[in-house]
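# Fold and geometry: a report
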Amino acid sequence: MTRIWRTALKRFVWILPTLAVGLAASRWTPIAAPATLLLLCYLPGQLVVRLTKLGEDWDIAGRALLSIAFSLAVTPVLLNPVWHVTNNPWALLAYVWVLLQTSWWLSRRSARARPSGQERPGPELRLFDHRSTKLLCAALAGLVAFATIGPYWPTELKGYPVPALIHDFIKHHAVLFSLG
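Remember, it's a predicted structure, so these values are computed and weren't measured experimentally.

### A word on the overall build of the protein chain
Looking only at helices and strands, one finds 8 helices and 2 strands in the protein chain. Starting at the N terminus and walking to the C terminus, you meet the elements of the protein chain as α-α-α-α-α-α-α-β-β-α. Expressed as a percentage of the 180 residues in the protein chain, the buried residues total 19%. Considering only intrachain contacts with a sequence separation of at least 6, the fraction spanning at least 24 residues in the protein chain is 60%. Accessible surface for the protein chain amounts to roughly 13600 Å². Of this, 70% is attributable to carbon and sulfur atoms.

### Here's the deal with the nonpolar core
Core analysis: the biggest nonpolar cluster contains 15 residues, and Ala24, Leu39, Leu43, Leu93, Val96, Leu100 and Trp104 have the highest contact counts within it. Looking at this core, the elements with two or more residues in it are α2 (15-25), α3 (29-41), α4 (43-52), α5 (60-85) and α6 (89-113). With 5 residues, the single largest contributor to this core is α6. Those residues within four positions of Leu100 in sequence are excluded, and the remaining contacts are Pro17, Leu39, Leu43, Pro44 and Leu47.

Cut-off values and rules
- Each residue is numbered by its place in its chain's sequence as written, counting from 1.
- Whole-chain, interface and lining totals are the exception, using all residues; otherwise, since this is a predicted model, local features are given only for residues with pLDDT of at least 70 and side-chain atom pairs are given and counted only at 80 or more.
- Where side-chain values are given, they derive from all heavy atoms of the structure, hydrogens and water being excluded.
- Under the DSSP-based scheme used, a helix requires at least four consecutive residues in state H or I and a strand at least two consecutive residues in state E, with every element numbered from the N terminus.
- For each residue, the accessible area found with a 1.4 Å probe, counting protein chains only, is set against the maximum for its type, and the residue is called buried under 20%, exposed over 50%, and partly exposed in between.
- In this analysis, two residues are considered to be in contact whenever any of their non-hydrogen atoms come within 4.5 Å of each other.
- Residue burial considers only the protein chains on display, and all accessible areas are found by Shrake-Rupley using a 1.4 Å probe.
- The criterion is simple. A nonpolar core is a set of buried Ala, Val, Leu, Ile, Met, Phe, Trp, Tyr and Cys residues joined through side-chain atoms within 4.5 Å.

Structure representation (structure tokens):
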């Protein structure tokens, strides 16, 4: 059964960026925020992992973590030139959509170029060996996501703007690291 789902997902995976862009363009926060996170924090890294064939012998959790790491490294670099020209959300969504569709097309082309005798073997390396480790990692990821995104989430309360705390973690860490 899972093999059937995997085949169906691989066949229709090109529509995922279009669906996510459509949901992000709705600007209704409960569906736009997860769609935007998917667009910027997972899909670009997933494409890098697929194109470079990194982690082919890892399980799905390892590849997902690798995809998130690559997304957080690649996405700001790709968006930087457009941010210098405009901060229009429609232009940014269109740019991200074009990049993702081009990357999906390239990854599909490279998959077709691979000889059929070189199919990747089943997952050999597991990210988590025990269920308790999976639950602990999921709880820690949820805590980090809540601590970093949560303070920015409510922008209005009873018609008045809510001040958001400034969280410039990366810059402050870099400054303290260089001072150390």
